[in-house]
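What the coordinates show
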Amino acid sequence: MVCQPSAHIHSPGQTYSFLASSSHGHVHMKTKRQRLPGQVVLVLQGGGALGAYQAGVFEALSNAGIEPDWVIGTSIGAINGALIAGNTPGNRLPRLREFWQGLGSASAGGNWATLFQGIPSFFRPRPAAWAGPLVPIGLDEASYYSIEPLKRSLESLTDLQILAEAKTRLTVGAVAVRSGALKYFDSRDVPLRIDHVLASAALPPAFPAVRIDGEPYWDGGVYSNTPIEAVFDDDPRRSSVIFAVNVWQASGAEPNSIWEVMGRQKDVQYASRDDTHIARQKQLHQLRHVIRELAKQLPASKRDSTDCRELAAYGCGTTMHVVRLLAPSLASEDLFKDIDFSSSGIRDRWEAGGRDALQMIERAPWNDPVDSLEGVVVHELSTRTGMGVQET
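Given the structure is predicted, the values throughout are model-derived calculations rather than measurements. (Residues numbered from 1 in each chain as written. Predicted model: local features only at pLDDT ≥ 70, side-chain atom pairs only at ≥ 80, totals over all residues. Heavy atoms only, no water.)

1. A short note on the overall build of the protein chain
- The helix and strand tally for the protein chain stands at 13 helices and 12 strands.
- Here the C-alpha radius of gyration of the protein chain, 21 Å, is about what a compact globule of 392 residues would show, namely 21 Å.
- By residue count, 52% of the 392 residues in the protein chain fall in the buried class.
- For the protein chain, the proportion of contacts with a sequence separation of at least 24, taken over those separated by at least 6, is 74%.
- For the protein chain, the computed accessible surface area is about 17200 Å², with 55% contributed by carbon and sulfur atoms. (Helix = DSSP H or I, 4+ residues; strand = E, 2+ residues; numbered from the N terminus. Rg over C-alpha atoms; globule rule 2.2 N^0.38 Å. Buried < 20%, exposed > 50% of the residue type's maximum accessible area, 1.4 Å probe, protein only. Contact = heavy atoms within 4.5 Å. Areas by Shrake-Rupley, 256 points an atom, 1.4 Å probe, with all protein chains shown as cover.)

Here is the structure:
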């Protein structure tokens, strides 16, 4: 693992001043001029209709002049990520709006209509699949819906050349059906295609597995729905400001009915142990910083020896600012919230994402002093922090 120096890394356009406005709301706020200390990474969970919150976050960041150097996504996060990384900066918001407005305008019949009729620009039912789950129709057909409409939507809304050029890095997570291993498809390593995005969004048994080079893959959320580990495990490691946009509630009230139990179970499952992952990474990065500081204390004659250089290489001086935005629950939410593609649901989540991101931008906690031994600093805004920015 190579560790790049912790000097500030600035992308073009990261100093900004703006009046933000949203086509999905009326939020206006003039921000301070800010500089971000590292590469800008956008990490997007899976969560179906809840992904509208991510689009609102991106709109606020984009209006602030903050464009990601790297987008990492799973499921709907991979779809949003492709719409961002697969377009020029000026086309990203229009393409996101077109995609989400198309979903909302097609969902007027409510959640039950979505289940039985699908959404024309996203998925359509497979009548044969409803005949019975034991019919051996083959893996490629073994799903309740076809995602051919999503493939056409992404082909029309993304520039495949821009996606392949990877000027904005895109990483999408999927799980191999046969081995059960998590696989990150990274545009830094291979040119990404629409099929890579579809594989990351292929949540069984609703959607079919997608084959990449003959190997079948399912939605990465089956294995890990919060792909933040891709940043921590990157090589070379770089100082980063990581906007981790989470749409599931790790904490919640005690459920009182089977219906509420099912909804709470889904939240816990797809929140995907994010708190535990980050706590572990804080420990690891602190150890790396301790190793670096210890190496500095050695006499030059020892420090320059081959053995010491090899051991010191385990140290690191990078700083990871994890900016956690946890989507609030809507009053109308229930077990089916992740298929609530209603225009009102999309609008409310988009606006919530924009408001939360603007509050975080105003606060700019990544500019605060950091303990030299802290490699990972978490700045969270959520209902469990009282909707204020809290450092952990």
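Once you've had a look at it, read on.
2. Section: a nonpolar patch on the surface
- Together, Trp112, Phe116, Trp130, Ile258, Trp259 and Met262 make up a nonpolar patch on the protein surface, roughly 730 Å² of accessible area in all.
- Those elements that place two or more of their residues in the nonpolar patch are α4 (110-117) and α9 (258-271).
- Mapped onto the secondary structure, Trp130 falls in the loop between β3 (124-125) and β4 (145-146).
- You can call Trp130 partly exposed: its relative accessible area is 43%. (Patch = residues over 30% accessible without salt bridge, like charges linked within 9 Å, V, L, I, M, F, W, Y side chains within 5 Å. Salt bridge = Lys/Arg side-chain N within 4 Å of Asp/Glu carboxyl O.)

3. Let's talk about the pairing of strand β11 (residues 376-381)
- Counting buried positions along β11 gives 6 out of 6 residues, so the element sits mostly inside the fold.
- The side-chain alternation of β11 yields two buried faces, one formed by Val376, Val378 and Glu380 and the other by Val377, His379 and Leu381.
- Examined bridge by bridge, strand β10 (residues 320-326) and β11 share 6 bridges and lie parallel to one another. Within β11, the position partnered with Arg324 by the bridge is Glu380.
- Of the pairings in the sheet, the one linking β11 to strand β12 (residues 389-391) comprises 3 bridges and is antiparallel in character. (Pairing = 2+ DSSP bridges.)

4. Side note on the environment of Thr74
- Relative to the elements of secondary structure, Thr74 occurs in the loop between β2 (70-73) and α2 (76-85).
- Counting along the chain gives 24 residues from Thr74 to Glu98, while the straight-line C-alpha distance between them is 20 Å.
- Leave out the neighbours within four places in its chain, and Thr74 touches Leu44, Gln45, Gly46, Gly173, Ser200, Asp219, Gly220, Gly221, Ser224, Asn225 and Pro227.

5. Points about the pattern of salt bridges
- Inspection of every chain in the model, using the stated rule, returns 27 salt bridges.
- Between Glu165 and Lys167 there is a salt bridge whose closest N-O contact spans 4.0 Å.
- Under the relative-accessibility criterion, Glu165 is labelled partly exposed at 40%.
- Taking the relative accessible area as the measure of exposure, Lys167 reaches 73% and is therefore exposed.
- Measuring nitrogen to oxygen at the nearest pair gives 3.2 Å for the salt bridge that ties Asp234 to Arg188. Of the two residues, Asp234 is situated in the loop between α8 (229-232) and β9 (240-246) and Arg188 in the loop between β6 (182-186) and α7 (194-200); the sequence distance between them amounts to 46 residues.
- Take Asp234: its relative accessible area is 7%, and that puts it in the buried class.

6. A word on unusual backbone geometry
- The linkage connecting Pro204 with the following residue, Pro205, adopts the cis geometry, with an omega of -5 degrees.
- Structurally, the position occupied by Pro205 is in the loop between α7 and β7 (210-212).
- Here the bond from Asp235 into Pro236 is cis, since omega is 5 degrees, no more than 30 degrees from zero.
- Secondary-structure assignment places Pro236 in the loop between α8 and β9.
- In this structure, Ala166 is a non-glycine residue whose phi angle is positive, near 60 degrees.
- The residue Ala166 is located in the loop between α6 (160-165) and β5 (169-176) in this model.

7. Focus: the packing of aromatic side chains
- Counting across every chain of the model gives 15 aromatic pairs.
- Judged by centre distance (5.3 Å) and plane angle (70 degrees), the ring pair of Phe122 and Phe123 falls under edge-to-face.
- Exposure remark for Phe122: the relative accessible area of 6% places this residue in the buried category.
- Consider the rings of Phe185 and Tyr217, whose centres lie 5.1 Å apart with planes at 80 degrees: the pair is edge-to-face. Here Tyr217 lies in strand β8 (residues 215-219) and Phe185 lies in strand β6, a separation of 32 residues in the sequence.
- Residue class for Phe185 comes out buried when judged on its relative accessible area of 5%.
- Residue Tyr217 is classed as buried on the basis of its relative accessible area, which comes to 9%.
- One aromatic cluster is present, formed by Phe99, Trp100, Phe122, Phe123, Tyr145, Phe207 and Phe341 through successive ring pairs.
- Across the ring face of Trp70, the terminal group of Arg169 is positioned such that the distance to the ring centre comes to 3.6 Å. (Phe/Tyr/Trp six-rings, centres within 6.5 Å; stacked < 30°, edge-to-face > 60°. Lys NZ or Arg CZ within 6 Å of the ring centre and 35° of its normal.)

8. Quick look at the pairing of β9
- Taken across its 7 residues, β9 has 7 buried, putting it largely inside the fold.
- Here β9 shows two buried faces, one formed by Ser240, Ile242, Ala244 and Asn246 and the other by Val241, Phe243 and Val245.
- Of the strand pairs in this sheet, strand β1 (residues 39-44) and β9 are connected by 6 bridges, and their pairing is parallel. When the bridges of β9 are listed, Val41 appears paired with Ile242.
- Of the pairings in the sheet, the one linking β9 to β10 comprises 7 bridges and is parallel in character. Bridged to Ser240 within β10 is Met320.

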